[in-house]
Amino acid sequence: MRLSIRWRLAVIIAAAMVVTLLAILIVMRITLENTLRSDLDSDLTGDYEQVQAQVIAISGPFDQAALRDIANDHGGTSSGSAFVIFRETDGSFSAVTGNLEPEPYDLTPDEVPRVLDGEVLHETVTTGGVDTRVRTSRLMDRGQPIGIVQVATDAEFINDVVSDVQQVLVVVGIIGIAFAIIIGYWLARGAVRPLEHVAAVAAQIEAEGLDRRIRARNVPAEIQRLSDTFDAMLDRIEKAFGQQRDFVLDMSHELRTPLAALRGNIDVMLLDETIDAETRDQLERMSREVQRLVRLATNLLFSAHAEAGREVERRPVDLDVLVLEVCRQAKTLRPEVKVRIADEDQVTVNGDYDLLKQLVLNLLDNALKYSPAGGEVTVSISGDQREARVVVADQGPGIAADQLPHIFERMYRAEDGKRRTTGAGLGLSISDWIARAHAGRIVVESVAGKGSTFTLVLPREEAAASPATAT
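An account of the accompanying structure is given in this report. (Residues numbered from 1 in each chain as written. Predicted model: local features only at pLDDT ≥ 70, side-chain atom pairs only at ≥ 80, totals over all residues. Heavy atoms only, no water.)

Side note on empty space enclosed by the protein
It is the rolling of a water-molecule-sized probe over the atoms that shows where space remains empty.
Piece 1. Applying the stated rule across the entire model yields one cavity of 30 Å³ or more.
Piece 2. The computed volume of the largest cavity comes to approximately 40 Å³.
Piece 3. Elements supplying a minimum of two residues to the lining of the largest cavity: helix H1 (5-56) and helix H4 (156-208).
Piece 4. When the residues that make up the lining of the largest cavity are grouped by side-chain class, the tally is six nonpolar, one polar and one charged. (1 Å grid on protein atoms, 1.4 Å probe; cavity = no way out; pocket = protein on both sides within 12 Å on 5 of 7 lines; lining within 4 Å. Points joined across faces, edges and corners; volume = space filled by probe spheres on them. Helix = DSSP H or I, 4+ residues; strand = E, 2+ residues; numbered from the N terminus. Nonpolar A, V, L, I, M, F, W, Y, C, P; charged D, E, K, R; others polar.)

Now the structure itself:
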């Protein structure tokens with residue numbers, strides 16, 4: 001499943017928010033731990049100075065009992081360290097607060113001389129699952145090191161504070177991510193709205209024609225460039241289509257005149273009864289080909305009219321008379337196929353006589369083209385108060401079900417699988433345009449191997465209501 005641009009932007013913003021919050025959480029955790037440890041080390045330094053002062057103030061003999069008294073007196077108070085450990089200059093245990101076991105806080109052999117040289121050690125020792133912060137430094141008397149003292153305090157509260165702050169940050173982060181997704185989607189929606197407008201106009205252009213333009217204003221620079229480029233492209237395409245339409249109109253008009261003259265001359269020559277059979281046969285073939293060229297030129301002309309949005313004239317048309325005339329004309333297209341009128345009702349519709357004649361002629365031409373030699377094409381005319389119908393049925397190979405949705409597309413020609421038919425693929429497309437321009441429709445029924453039936457349905461009252469524009 002592909003995400004839309006707005007959701008992608010929202011997800012990216014949310015992901016950036018997550019990364020930022022994680023970085024903030026890590027930095028804050030490290031900074032908070034270091035700050036709390038630094039404050040704790042400062043407190044331990046104060047405790048050390050107090051112990052140092054008490055040691056110097058001893059007036060009696062300096063023995064373990066005196067040191068134990070100092071350790072017990074200083075350790076365990078609310079303002080002092082948790083405990084104090086005194087060690088000899090060799091690092092061995094001397095005295096400690098209460099009954100504390102000093103072994104977890106023993107110094108390594110390399111740490112003892114470093115402490116005696118003046119280095120102060122700060123470390124966190126974990127015993128029994130509890131963290132303790134320990135400060136180790138030398139004990140001085142009259143400028144000489146007389147031993148080592150370790151002052152320590154409970155550091156477990158650091159973990160508690162960090163944990164509480166971390167939980168708060170996680171909750172705030174989750175809420176922040178939710179808001180980031182909502183705000184990101186809202187911002188992305190506003191950013192994508194100009195693109196949606198471009199897509200909507202493009203869809204209207206595809207459906208309605210090439211006269212629409214985006215004409216974007218007050219949009220981001222990238223969208224403005226896209227809009228201007230798209231409008232310029234449409235201008236060029238519309239101009240090219242107009243030139244093509246004008247060329248087809250001009251050529252169709254120019255071709256029809258010499259073709260009509262050529263057909264008339266051939267018909268005059270066929271009136272000569274002295275010509276031999278072979279010449280007559282050639283002239284009849286030429287006449288049929290000229291008729292086909294005339295129909296092609298006429299279809300091109302009507303196709304150009306369709307693209308130009310020609311308005312359909314509305315006059316009463318005797319549909320039965322028109323169909324009879326077309327049937328007489330169609331009989332010469334393929335003499336080997338019989339054209340038979342099955343039903344003939346007197347029906348009058350409102351429309352353009354020339355366009356309706358071309359529509360019926362195209363349907364008959366299509367039926368004759370696909371019917372086998374010796375076959376028959378049946379034409380029926382019927383109507384009621386609401387609709388008029390012209391039914392053209394052939395005995396051809398039929399149309400496959402997967403081809404039926406495409407037969408009215410321009411330049412599309414259905415294949416029967418055995419032979420390729422002649423023609424430009426314009427007849428049915430133009431017939432469909434003429435039917436729709438008259439507020440009608442063409443219904444197709446076909447069974448493979450049994451032929452096809454084309455039914456032209458035209459409204460009788462609605463057609464007269466207002467002139468339609470061919471689109």
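Let us keep going from here.
A closer look at the pairing of strand E10 (residues 387-393)
Piece 1. As defined by bridge partners, strand E9 (residues 376-383) adjoins E10 across six bridges and the pair is classed as antiparallel. Each bridged residue has a counterpart across the sheet, and for Val379 the counterpart in E10 is Val392.
Piece 2. In this antiparallel pair of consecutive strands, E9 and E10, the connection spans three residues.
Piece 3. Relative to strand E12 (residues 451-459), E10 runs antiparallel, the two being bridged by seven bridges. Residue pairing for E12: Ala393 is matched across the bridge by Thr453. (Pairing = 2+ DSSP bridges.)

Describing the pattern of salt bridges
Piece 1. Under the defined criterion, the tally for this structure stands at 14 salt bridges.
Piece 2. Linking Asp106 and Arg87 is a salt bridge whose minimum nitrogen-to-oxygen distance equals 2.9 Å. Of this pair, Asp106 sits in the loop between strand E2 (93-96) and helix H3 (111-116) while Arg87 sits in strand E1 (residues 83-87); the two residues are 19 residues apart in sequence, bridging distant segments of the chain.
Piece 3. Here Arg87 falls in the buried class, since its relative accessible area comes to 3%.
Piece 4. Between Asp281 and Arg285 there is a salt bridge, and its shortest N-O distance comes to 3.4 Å. Taken together, the positions of Asp281 and Arg285, both in helix H6 (residues 277-308) and four residues apart, correspond to about one turn of that helix.
Piece 5. Residue Asp281 is classed as partly exposed on the basis of its relative accessible area, which comes to 30%.
Piece 6. Salt bridges sharing common partners tie together Asp384, Glu387, Arg389 and Arg441. (Salt bridge = Lys/Arg side-chain N within 4 Å of Asp/Glu carboxyl O. Buried < 20%, exposed > 50% of the residue type's maximum accessible area, 1.4 Å probe, protein only.)

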